[in-house]
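# Structural description and commentary
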Amino acid sequence: AVASDGSLLAAHRAPGDRILLSRHDGAADRWVELAPPANERPTRKTLALALDNADVPHLAFAQQRAADPTRYEMVLKRLNGATGALAAPVVPIAGQRPQDISAGALAFDGSNRAVLVFSDANLGALRALRLEQGLLIPMAPPTIPTAAFTTMALQADGTPIVAYLNINGWLTAAALRNGTW
């Protein structure tokens, strides 16, 4: 992500399954960690970074649930200074097929609400969540099974346009309108 001051930010996995947020220091030509690891437990493929309208970095990722490590939860954290804090309570991810959880995508609409899309652990059903008053709210029922490699852009009105690979390996696009794909 590129902040309004031109600085380059990146979310990445470091050894030991640590999710880190770093900034590129152009003068020294090196990456500098901005905060301690964001995750508390092992993670899956989902890792998305976006800046809100005030340039505050947010990370979305899937991590194992504390009570049941065979299941996962979606986490949305924002960087507050040098520490990360939950932007919303975690959302349990349905299903027991963690290999189906996709990389996902995160963006902010014109009203500064986060929109997150990913495929879940229930045969890769496509999920879309919007941050509303501190909660991640489903924008539509999980649909489109076996979606993978999801990416997203938001239209000016906040409508997500999602591209993904479908069950046949074909690149497909869908727009979420009135709660349906």
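Quantities reported herein were computed from a predicted structural model and do not represent experimental measurements.

## Quick look at the overall build of the protein
The helix and strand tally for the protein stands at zero helices and 15 strands. Over its C-alpha trace the protein gives a radius of gyration of 16 Å, about what one expects of a compact globule, namely 16 Å for 181 residues. The principal-axis extent of the C-alpha atoms belonging to the protein is close to 45 × 40 × 35 Å. Looking at the protein as a whole, 44% of its 181 residues qualify as buried. Across the protein, contacts joining residues at least 24 apart in sequence account for 39% of those joining residues at least 6 apart. As displayed, the protein has an accessible area near 8,800 Å², and 55% of this comes from carbon and sulfur atoms. In the protein, which carries 16 positive and 15 negative side-chain charges, the distance between the mean positions of the two groups comes to 6 Å.

## What to know about the pairing of strand E12 (residues 135-138)
Taken together, the four bridges between strand E11 (residues 126-132) and E12 define a ladder with antiparallel strand orientation. The residue bridging glutamate 132 from the neighbouring strand is leucine 135, located in E12. Here E11 folds back onto E12, and the loop between the two strands holds two residues, one of which, glutamine 133, carries a positive phi near 50°.

## A few points about the sheet that holds E12
Within the open sheet, the four strands sit side by side as E9-E10-E11-E12. Their pairing is antiparallel. The open sheet has two edge strands, strand E9 (105-108) and E12, and neither has a second partner. Geometrically, the sheet is characterised by an average inter-axis angle of 25° between neighbouring strands, direction not taken into account.

## Structural notes on the side chain of threonine 43
In this structure, threonine 43 sits in strand E4 (residues 43-51). A distance of 3.1 Å separates the side chain of threonine 43 from the side chain of arginine 13, its partner in a polar contact. With near-sequence residues (within four places) excluded, threonine 43 lies in contact with Arg13, Asp17, Ile19, Phe61, Ala62, Gln63 and Tyr72.

## Overview of the sheet that holds strand E2 (residues 18-25)
In space, the three strands of this open sheet follow the order E1-E2-E3, with antiparallel pairing throughout. Pairing within the sheet leaves two strands with one partner each, and these edge strands are strand E1 (9-14) and strand E3 (30-33). Neighbour to neighbour, the strand axes of the sheet diverge by 45° on average, direction disregarded. Relative to E2, E1 runs antiparallel, the two being bridged by six bridges. Counterpart to alanine 10 in the pairing with E2 is serine 22.

## A word on unusual backbone geometry
At aspartate 29, a position not held by glycine, the phi torsion is positive, near 50°. Note that aspartate 29 resides in the loop between E2 and E3. What makes aspartate 29 exposed here is its relative accessible area of 59%. At glutamine 133, a position not held by glycine, the phi torsion is positive, near 50°. Take glutamine 133: it is sitting in the loop between E11 and E12.

## Considering a nonpolar patch on the surface
A grouping of Val2, Leu8 and Trp31 is seen on the molecular surface, where their side chains present a nonpolar patch of about 290 Å² in accessible area. Looking at the secondary structure, you find leucine 8 in the segment before E1.

## Let's talk about the nonpolar core
General note: in soluble globular proteins, nonpolar side chains tend to be found buried as a group. Counting residues in hydrophobic clusters, the biggest one holds 20 residues, and the most contacted among them are Met74, Leu76, Ile93, Leu106, Leu116, Leu131 and Leu136. Elements with a contribution of two residues or more to this core: E4, strand E5 (57-64), strand E6 (72-80), strand E8 (91-93), E9, strand E10 (114-119) and E11.

## Some points on the pairing of strand E14 (residues 160-165)
By the alternation rule, side chains of E14 split into Pro160, Val162 and Tyr164, which are all buried, and Ile161, Ala163 and Leu165, of which none is buried. Here five bridges tie E14 to strand E15 (residues 171-175), and the two strands are oriented antiparallel to one another. Along E15, the bridge assignment pairs tyrosine 164 with threonine 172.

What counts, and at which threshold
Residues numbered from 1 in each chain as written. Predicted model: local features only at pLDDT ≥ 70, side-chain atom pairs only at ≥ 80, totals over all residues. Heavy atoms only, no water. Helix = DSSP H or I, 4+ residues; strand = E, 2+ residues; numbered from the N terminus. Rg over C-alpha atoms; globule rule 2.2 N^0.38 Å. Buried < 20%, exposed > 50% of the residue type's maximum accessible area, 1.4 Å probe, protein only. Contact = heavy atoms within 4.5 Å. Areas by Shrake-Rupley, 256 points an atom, 1.4 Å probe, with all protein chains shown as cover. Lys, Arg positive; Asp, Glu negative; His and termini not counted. Charge placed at Lys NZ, Arg CZ, Asp CG, Glu CD. Pairing = 2+ DSSP bridges. Axes fitted to C-alpha atoms, helices over the stretch in contact; angles between N-to-C directions. Polar contact = N/O pair within 3.5 Å; in protein donor to acceptor, adjacent residues only side chain to side chain. Patch = residues over 30% accessible without salt bridge, like charges linked within 9 Å, V, L, I, M, F, W, Y side chains within 5 Å. Salt bridge = Lys/Arg side-chain N within 4 Å of Asp/Glu carboxyl O. Core = buried A, V, L, I, M, F, W, Y, C linked by side-chain atoms within 4.5 Å.

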